[in-house]
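Understanding the architecture of this molecule
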Amino acid sequence: MIERISFEDILKIADWWKESGGSSKVEIAALEPTLWKDGDRDICDIVKYLKENGFIVSITTNGSTLSKYSKSIKEAGVDLLRISWHSLDDDVFKDITGGGNQEIVVRGLLKSIELGINVKINRVLLRGYTKDIRDKVGLIDKYKLKIKLLDLYWTPSSNDFYEKYYISPQEVILNELDGFYLEKVDNIEASGRSRVTYRTKNGGVVEYKVKESAEKNHEYCKECKFKDECLEGYGDYFRVFPDSSASLCYLRKDLATYDYSSIFKEETPLRFVLEGRCNFNCGFPGSKTSWCLKQGRGFSFPSRKEVIKIEL
Ligand code: SF4
């Protein structure tokens, strides 16, 4: 059975978070949150409630349903929409996402821009698949958007491919954006890993988080067998999962707890993983192997079987 957090639990957690003095930033994140439903409630009802209660609300989506949802998300008052968009090439996009249709995603993206939603692109970097970055940053410049260049997250299931496909944002900027106008700007205060931010000529923003700045000093981290591979710091996010458990670690399921107070940190953004399924299954090109960092938690993804039939 697919798990999803109930509307009632979301409200309770948001109220508790506010009363406890937690960060006003709430992120509604992957797996695909626009698939979430509770009776006749959908993601817009969550955004509306959070906004009415003084939160700054962002959503991370794969963009596949935005044509349907962007207007009501805008009306609900969302502050930031992050769209995961990993290639400009239709075939590569299909291959990476496990069958996703780029045209539909771009349609939803353009509609969101037209509606005046604050849009940010999340782009996972894969070695050998970054040639389109220059054109993509060109679009970021043209539409005055933001893009975050993301390091590939390590997970036990992606281990065999990790070294082959990992490429740092620094290397991509150096090789693919050489000569492109990028002005380094001071970092805006943000929790978690430190960031490097550039502004493009027309007012777009390119940023990445510094992998080496991940905070791993917690007692759990000291003895952790994933210490060398894990990419986020312990406590970068207070993630609440579809079964209502919460964790400060993206990787280890055994560190999830229902005792929220025991892991509460007021400066940490609250991140809801509403839904235990996704309609994409992002992975390595030409392979059945997924790189999604939510793998290994028993969530539901479509098969990547069809993807490997694509000849590149
Ligand atoms: S996987 Fe979790 S516990 Fe282990 S080092 Fe990373 S943040 Fe710390």
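One structure accompanies this document, and this report is about it. The shown structure was predicted, so the numbers you read here are calculated from the model rather than taken from an experiment.

1. With respect to the overall build of the protein
Summing up its helical and strand segments, the protein has nine helices and eleven strands in all. Taken over the C-alpha trace, the protein has a radius of gyration of 19 Å; the compact-globule value for 312 residues is 20 Å, and the two agree within 12%. The principal-axis extent of the C-alpha atoms belonging to the protein is close to 50 × 45 × 45 Å. Counting only residues that meet the buried cut, the protein has 54% of its 312 residues in that class. Sequence separation of 24 or more characterises 66% of the internal contacts of the protein that already satisfy a separation of 6 or more. For the protein, the accessible surface area stands at approximately 14,500 Å², while carbon and sulfur atoms represent 47% of it. Looking at the protein, you have 49 positive and 49 negative side-chain charges, and the mean spots of the two groups are 2 Å apart.

2. Focus on the sheet that holds strand β4 (residues 119–124)
If you walk across this open sheet you meet the eleven strands as β6-β7-β8-β5-β4-β3-β2-β1-β11-β9-β10, and the pairing is mixed. The sheet terminates laterally at β6 (182–185) and β10 (246–247), the two strands that pair on one side only. As paired elements, strand β1 (residues 25–29) and strand β2 (residues 56–61) share four bridges and run parallel to each other. Across the sheet, residue V26 finds its bridge partner in β2, namely V57.

3. Some points on the packing of helix α2 (residues 43–52) against helix α3 (residues 66–76)
Two elements in contact, α2 and α3, have axes separated by 8 Å at closest approach and are oriented at 15°. As the angle between them shows, α2 and α3 are arranged roughly parallel. Here α2 and α3 pass one another in a crossing that is right-handed. Between α2 and α3, the contacting residues are I43, C44, V47, K48 and K51 on the first element and Y69, S72, I73 and A76 on the second. Residue classes in the contact of α2 with α3 are distributed as six nonpolar, one polar and two charged.

4. Details of the site of the ligand
For the ligand, the full set of nearby residues is C221, C224, K227, C230, Y234, C249, L251, R252 and L255. Mapping the ligand onto the cavity grids shows that it belongs to the second largest cavity. The class makeup of the residues in the shell around the ligand is seven nonpolar, no polar and two charged.

5. Some points on the pairing of strand β3 (residues 80–84)
For β3, the buried fraction is high: five of the five residues fall into the buried class. Taking every second residue as pointing to the same face, both faces of β3 are buried, with L80, R82 and S84 on one and L81 and I83 on the other. Both β2 and β3 contribute to a ladder of four bridges, which runs parallel. If you follow T61 over to β3, its bridge partner there is I83. Regarding the hand of the β-α-β motif, the stretch spanning β2, α3 and β3 is right-handed. With four bridges connecting them, β3 and β4 associate as parallel partners. Each bridged residue has a counterpart across the sheet, and for I83 the counterpart in β4 is I121.

6. Thoughts on the nonpolar core
With 91 residues, the main nonpolar core has I28, L152, F238, V240 and F272 as its most contacted residues. Those residues in contact with F272, other than ones at most four positions away along the chain, are I5, I10, I13, V26, E27, I28, A29 and V240.

Rules and cut-offs
Residues numbered from 1 in each chain as written. Predicted model: local features only at pLDDT ≥ 70, side-chain atom pairs only at ≥ 80, totals over all residues. Heavy atoms only, no water. Helix = DSSP H or I, 4+ residues; strand = E, 2+ residues; numbered from the N terminus. Rg over C-alpha atoms; globule rule 2.2 N^0.38 Å. Buried < 20%, exposed > 50% of the residue type's maximum accessible area, 1.4 Å probe, protein only. Contact = heavy atoms within 4.5 Å. Areas by Shrake-Rupley, 256 points an atom, 1.4 Å probe, with all protein chains shown as cover. Lys, Arg positive; Asp, Glu negative; His and termini not counted. Charge placed at Lys NZ, Arg CZ, Asp CG, Glu CD. Pairing = 2+ DSSP bridges. Axes fitted to C-alpha atoms, helices over the stretch in contact; angles between N-to-C directions. Parallel < 35°, antiparallel > 145°, perpendicular 65-115°, else oblique. Left-handed = near helix turned anticlockwise from the far one by under 90°. Nonpolar A, V, L, I, M, F, W, Y, C, P; charged D, E, K, R; others polar. Near = heavy atom within 4 Å. 1 Å grid on protein atoms, 1.4 Å probe; cavity = no way out; pocket = protein on both sides within 12 Å on 5 of 7 lines; lining within 4 Å. Sits in = over half its atoms within 2 Å of the grid points. Right-handed = clockwise from strand over helix to strand, strands pointing away. Core = buried A, V, L, I, M, F, W, Y, C linked by side-chain atoms within 4.5 Å.

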